Amino acid sequence: MVLDRRDARRQSGPGRHWQMALLFCLLGSGVTAQEPVGQAESPAASPATQEAASQRPMISTGLGERALAERFPRAAVWLENSEGGAELALFAPADRPEAKGALLLLADEGQSGGGGFEGAVRQLLPERGWAVMTLGLPPAPLGQPLAQPDRAADEPEAEATETAVAASGRTPAQDESVMIDVMAPGRPEERLQRYRQRLGATLAAALAELQGRGHRRVVVAGVGLAAWPVMQVAGASGEPMELVWIAPRFAAGVDQAWAERLAGVERWPLLDLASSLGNRAEARARAAEFRRQGVAGYQQQVLTLPLPLSERDAPQLVNRVVAWLARAGG
């Protein structure tokens, strides 16, 4: 059968274009449904952890937890905080059957703990026989943890947020995501105290999660401004705990009273990986004070660490930490 040109044009008209568009849409949806290479980092969280998280609202800290959980679904672990919500951690098990221990890494302020430096650590340490859990550190309500109270100019925005939630007629438990507390109304001191409590509760939940997974040796590490919170949560444990500070920075007032803050930590192993590009005078003063206070397990190593850290810095830092841990505890 021979078609004339008019019949051929009719068959290649709008109907055929619609069919081709539908075909491309179907092919496109199949491609996007595939999991990106390298996305799965660890087995799924325990059923108890997943069930508990499903019963609590996800706390939005502005660090993109939802996107991270979707990107690393098998690494996602939801931890309960002091607000009754769930915050995201990412876990990678050791590549060896018998892990040497686990490292809990708290990212610098404003970092999610999902990619960049923390993501590279989460890939490198398991190869060395260590499990890793990374946590993001949401920005403090006052701009920096442990600083003096900030101006009250942030309160109107927080009040508007709560008013909008109240007007919606939904409770926090009904909302899939809840923006909370760091900008909540109230005195600045109260907002800061709630922030500290929430961070401490999340870190404590992370420690409990790692211990519940069978890790008897848990090392706590903090990047930048996270150095002080990890020391606080370790102190609350009541037992000497191995600590690692990576390019640590301390808010005003913290590094000026080490003599008062080091009581009871004389037996703690503490690795201070100071940056030569940071405040060298403060780093030297800190090391001298630790020696005067008799903290025998303290060791400071000065490295060239550009800030903020990137994934390129992870290999040398992982090597330093692993070597120190081998000497500290085998």
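Going by the structure above, here's the rest.
Since the structure is predicted, the reported quantities are computational estimates derived from the model, not experimental observations.

A. Representation of the side chain of Glu289 in the model. Position of Glu289 relative to the elements: it lies in helix α10 (residues 280–292). When residues no more than four places from it in sequence are discounted, the contact partners of Glu289 are Trp258, Ala259 and Leu262.

B. Main features of the pairing of strand β5 (residues 130–137). Extensive coverage of β5 is indicated by the burial of 8 of its 8 residues. Side chains Trp130, Val132, Thr134 and Gly136 project from β5 onto one buried face, and the interleaved Ala131, Met133, Leu135 and Leu137 project onto a second face that is buried too. Bridge analysis of strand β3 (residues 86–92) against β5 gives 4 bridges, and the strand direction is antiparallel. Within β5, the position partnered with Leu90 by the bridge is Thr134.

C. Fine view of the pairing of β3. Counting buried positions over the 7 residues of β3 gives 7, a clear majority of the element. Taking every second residue as pointing to the same face, both faces of β3 are buried, with Ala86, Leu88, Leu90 and Ala92 on one and Glu87, Ala89 and Phe91 on the other. Sheet analysis places strand β2 (residues 76–80) next to β3, joined by 5 bridges and oriented antiparallel. Paired with Trp78 across the bridge in β3 is Leu88. Linking two consecutive strands that pair antiparallel, namely β2 and β3, is a turn of 5 residues; a positive phi of about 80° is found at Gly84 within it.

D. Just the packing of helix α5 (residues 116–127) against helix α11 (residues 314–329), in detail. Across the interface, α5 lies against α11 with an axial gap of 9 Å and an inter-helix angle of 50°. Taken together, α5 and α11 sit at an angle that is classed as oblique. In the crossing of α5 with α11, the sense of the turn from one axis to the other is right-handed. The segment α5 lies against α11, with Phe117, Ala120, Val121, Leu124 and Leu125 engaging Ala314, Pro315, Leu317, Val318 and Val322. Across the contact of α5 with α11, the residue classes tally to 10 nonpolar, no polar and no charged.

E. View of the packing of aromatic side chains. Under the defined criterion, the tally for this structure stands at 7 aromatic pairs. Relative to Phe250, the ring of Trp245 lies with its centre 5.0 Å away and its plane at 70°, an arrangement referred to as edge-to-face. On the basis of relative accessibility, which here comes to 0%, the residue Trp245 falls in the buried class. With relative accessibility at 11%, the residue Phe250 sits in the buried group. Sitting above the plane of the Phe91 ring, Arg213 keeps its charged end 4.3 Å from the centroid.

The rules we used
- Residues numbered from 1 in each chain as written.
- Predicted model: local features only at pLDDT ≥ 70, side-chain atom pairs only at ≥ 80, totals over all residues.
- Heavy atoms only, no water.
- Helix = DSSP H or I, 4+ residues; strand = E, 2+ residues; numbered from the N terminus.
- Contact = heavy atoms within 4.5 Å.
- Buried < 20%, exposed > 50% of the residue type's maximum accessible area, 1.4 Å probe, protein only.
- Pairing = 2+ DSSP bridges.
- Axes fitted to C-alpha atoms, helices over the stretch in contact; angles between N-to-C directions.
- Parallel < 35°, antiparallel > 145°, perpendicular 65-115°, else oblique.
- Left-handed = near helix turned anticlockwise from the far one by under 90°.
- Nonpolar A, V, L, I, M, F, W, Y, C, P; charged D, E, K, R; others polar.
- Phe/Tyr/Trp six-rings, centres within 6.5 Å; stacked < 30°, edge-to-face > 60°.
- Lys NZ or Arg CZ within 6 Å of the ring centre and 35° of its normal.

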